[in-house]
Structure formats: C-alpha cells, structure tokens
Amino acid sequence: MRHLLNPLDFSVEEIQNLLDLAADIEHDLPGYAHVCDGKKIATLFYEPSTRTRLSFEAAMLNLGGSVLGFSSAASSSAAKGESVSDTIRMISCYADICAMRHPKEGAPLVASLHSSIPVINAGDGGHQHPTQTLTDLMTIRSLLGRLDNMTVGLCGDLKFGRTVHSLINALVRYPNVKFVLISPPELRVPEYIREDVLKANNIPFQEVGNLDEAMPQLDILYMTRVQRERFFNEEDYIRLKDCYILDKAKMKLAKEHMFVLHPLPRVNEISVEVDNDPRAAYFRQVQYGVYVRMALIMTLLEVKKPC
Ligand code: CP
C-alpha cells in the first residue's frame, strides 16, 4: 500500500505515468466512469478548502465511487479531542482511500503510520501540498509541452505558501529549470528550501523583490496569496498583503507565451482584468486538478481502465 505525503514520494517516471493517465482521462472521461465502482474516498478536512476537497470528491464520483467525510475539525470528533491516529483507524473501517488536510505539519504522515488505507496529503500547515503540485505539473506540461528547460517565477508569500515548497521540490528534478523567487524579505522561501533543495541540487535561482523586472524572463509566473491564517501578527499581514498585484500593465512586460498559474484562492494578487488574458491559466489549472486526482486515486488503489 502506498501513500502520497510529499511530491517526492513518486519518482519522475511515476509522475510521467500519472500525468499520462490524467491526460488520457481528460480525453476519454466516459471510459473511466466505472473504474472505482463500489470504492469510497473519505475527505478529512481539518482546515477550510474549496478546490482540493471538492475536486477529490468530483474525482471519485467521476470514477463511479462514492464520498464521505467532514469539512472542518469543528464538525468532527477532533472537537472532542480525538487524535489523528485514532481517527484514521476509524476511517480505515469506512473507506478505501482518504485525503487529509490539517493545519499541523506532518499530520497526514502520522495518519499514514496508523492507516490500513492509502493516505493522501491534501495540505499540511505551511509544509507541503503534493496534489496541488501534480495539478501544477499537469498544467505546465499541457501548456508548454514540457517540464524542463524553463524559467519559473514564484511570487508572493514564499515563506508560508506550501504549494510553492512542493512545486520547487518537484521541479528541481527536471533538467534546466531556473527559478526567480519574487517576494518581500519577510516572505522569502524557508532556509531548508534554499539550502537543502535549491543549493544542494545546484539549481540556478535568484531572490528578488521587483516583479516588473522579473517578468520578461519568465516562462511561467506562479502567483500566490499572502497566507493570512499563518501570520502571528495581523499588522504584518496588513502591511504585506498587497505587496504584489498582477495587472494588465505588468502583463505587458511578459513574454507572449508566458503563462500565469495560481493555486487559488485569489485575494488581491491578480487583478480580475487579467482573467481574460489568454495567458491567464489559473482556471484551466482547476480543471486539470480533477483529472490528476482521478489518476492519483486510480494509481493508489491500483485500478485500471478496462481494455
Ligand atoms: N488550491 C487549494 O488548495 O485550494 P483550496 O484551499 O480551496 O483547497
């Protein structure tokens, strides 16, 4: 039995197979309508979510399976003090696979150690968000036709943004990927990403504060929200929340074939006037998230499309 806790739990070859499966699903959705008949996914969300929880549920429903779960800690027995390890023992009796989001880093890992069903990390604190990364990889591969030879700009809250940490971890395995890390000094990537991931793998990267200056060199611009819920101090959040706002004027500085991604939700960091730019790919990214989660469920449950 396998879990997905970190993007590196899958090799580059396994990710390629998973993205190929997701691409086949995209082009033949009806062909997959019954591959998970009788299977159930439990979505255990101790933190708010729109996309991740509902896309997991849509994915399992598209595969013919069913869903159960909770959408907040307050509506589960966590509110009475039940531990993650006890909860997963119960869920293992009710479902075939589960997706867990938790504010504490490492909670899905703890769950996996006590689980008899595959556990998927659907976001743990400011740590990792591997299924968003699979979504991002599928989006980039679909838009650019490759996952190598590109310059990726990551902009905004690079300190608390778990999607950024997971994406960097995943992309350093592809040849000739360069990073431009655009943030205010207070929201730079954590030291372990800079030292243990980027420098340790000899990956070219720059840390800059100016989005306008970075724009012309980018193939992908990955915008992120300032993560209010992870700040200790509201004043700091208010000071930093609008540090970058992508608008039409900034888009004029970009390559004709640069694409803008965002894990969403968006607050102010992308002006709605950008939404109709053909390079704005963040809503297409949401659709890819369903296909990739369908492929992930099939992979972890070891089910195949009928011949
Ligand atoms: N991208 C993402 O994780 O969105 P949600 O918080 O709505 O799940």
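Note that the structure is a prediction, hence the values are computed from the model and not measured.

> Mind showing me how you'd approach the sheet that holds strand β4 (residues 119–124) here?
Strand-to-strand pairing in sheets goes through backbone hydrogen bonds, with the strands running parallel or antiparallel. Pairing is parallel in the open sheet, where four strands are placed in the order β2-β1-β3-β4. Each end of this open sheet is capped by a strand with a single partner; those strands are β2 (66–70) and β4. Looking at each pair of strands side by side, their axes are set apart by 15 degrees on average, direction ignored. Note: strand β3 (residues 97–102) against β4, four bridges, orientation parallel. Opposite A99, over in β4, you have I120 as the bridge partner. In the packing of helix α11 (residues 282–301) onto the sheet, the strands contacted are β1 (40–45), β3 and β4, and the crossing angle to β3 comes to about 125 degrees.

> What should I look at first to understand the sheet that holds strand β7 (residues 205–208) in this one?
One open sheet accounts for five strands, arranged β7-β6-β5-β8-β9; its pairing is parallel. Across the chains shown, the open sheet's two edge strands, defined by having one partner strand only, are β7 and β9 (259–261). In this sheet, adjacent strand axes meet at a mean angle of 20 degrees when their direction is disregarded. As judged from the six bridges shared by strand β5 (residues 150–155) and strand β6 (residues 177–182), these two strands associate in the parallel manner.

> I tried to follow the layout of surface pockets on my own but got confused; where do I start?
Where empty space is left becomes clear once a probe the size of a water molecule has been rolled over the atoms. Taken as a whole, the largest pocket encloses approximately 340 Å³ of empty space. Along the walls of the largest pocket sit 20 residues, with R101, R162, R225, L264 and P265 positioned nearest its centre. Where the lining of the largest pocket is concerned, the elements lending two or more residues are α2 (51–62) and α6 (162–171). When its residues are assigned to classes, the lining of the largest pocket shows four nonpolar, nine polar and seven charged.

> What exactly am I supposed to notice about the site of the ligand here?
Surrounding the ligand, one finds S49, T50, R51, T52, R101, H129, Q132, P263 and L264. In the model, an oxygen atom of the ligand is placed 2.8 Å from a nitrogen or oxygen of the T50 main chain. One nitrogen or oxygen atom from the main chain of L264 is found 3.0 Å from a nitrogen atom belonging to the ligand. Protein chains shield 91% of the accessible area of the ligand, which is 260 Å² for the free molecule. Residues of the shell around the ligand, tallied by class, amount to two nonpolar, five polar and two charged. Split by domain, the shell around the ligand shows at least three residues from each of two domains, domain 1 (7–128 + 287–300) and domain 2 (130–286).

> Sorry, what's going on with the pairing of strand β8 (residues 220–223) here?
Working note: regular strand, side chains alternate between the two faces of the sheet. Burial along β8 is two-sided: the face carrying I220 and Y222 and the face carrying L221 and M223 are both buried. Where β5 and β8 come together, four bridges link them in parallel fashion. Residue L154 lies in a different strand from β8, and its bridge partner there is Y222. Where β8 and β9 come together, three bridges link them in parallel fashion. Directly across from L221, in β9, lies its bridge partner V260.

> What is the right way to read unusual backbone geometry from this model?
Outside of glycine, negative phi angles account for most residues, and trans bonds account for most peptide bonds. With an omega dihedral of 5 degrees, the bond running from L264 to P265 counts as a cis peptide bond. Locating P265 in the fold gives a position in the loop between β9 and α11. One non-glycine residue with positive phi stands out, namely N202, at about 55 degrees. Looking at the secondary structure, you find N202 in the loop between α7 (191–199) and β7. Taking the relative accessible area as the measure of exposure, N202 reaches 69% and is therefore exposed. A positive phi is found at E302, a non-glycine position, where the angle reads about 55 degrees. Here E302 is to be found in the segment after α11. Residue class for E302 comes out exposed when judged on its relative accessible area of 68%.

Scoring rules and cut-offs
- Residues numbered from 1 in each chain as written.
- Predicted model: local features only at pLDDT ≥ 70, side-chain atom pairs only at ≥ 80, totals over all residues.
- Heavy atoms only, no water.
- Pairing = 2+ DSSP bridges.
- Helix = DSSP H or I, 4+ residues; strand = E, 2+ residues; numbered from the N terminus.
- Axes fitted to C-alpha atoms, helices over the stretch in contact; angles between N-to-C directions.
- Contact = heavy atoms within 4.5 Å.
- 1 Å grid on protein atoms, 1.4 Å probe; cavity = no way out; pocket = protein on both sides within 12 Å on 5 of 7 lines; lining within 4 Å.
- Points joined across faces, edges and corners; volume = space filled by probe spheres on them.
- Nonpolar A, V, L, I, M, F, W, Y, C, P; charged D, E, K, R; others polar.
- Near = heavy atom within 4 Å.
- Polar contact = N/O pair within 3.5 Å; in protein donor to acceptor, adjacent residues only side chain to side chain.
- Areas by Shrake-Rupley, 256 points an atom, 1.4 Å probe, with all protein chains shown as cover.
- Domains from an automatic or database assignment.
- Buried < 20%, exposed > 50% of the residue type's maximum accessible area, 1.4 Å probe, protein only.

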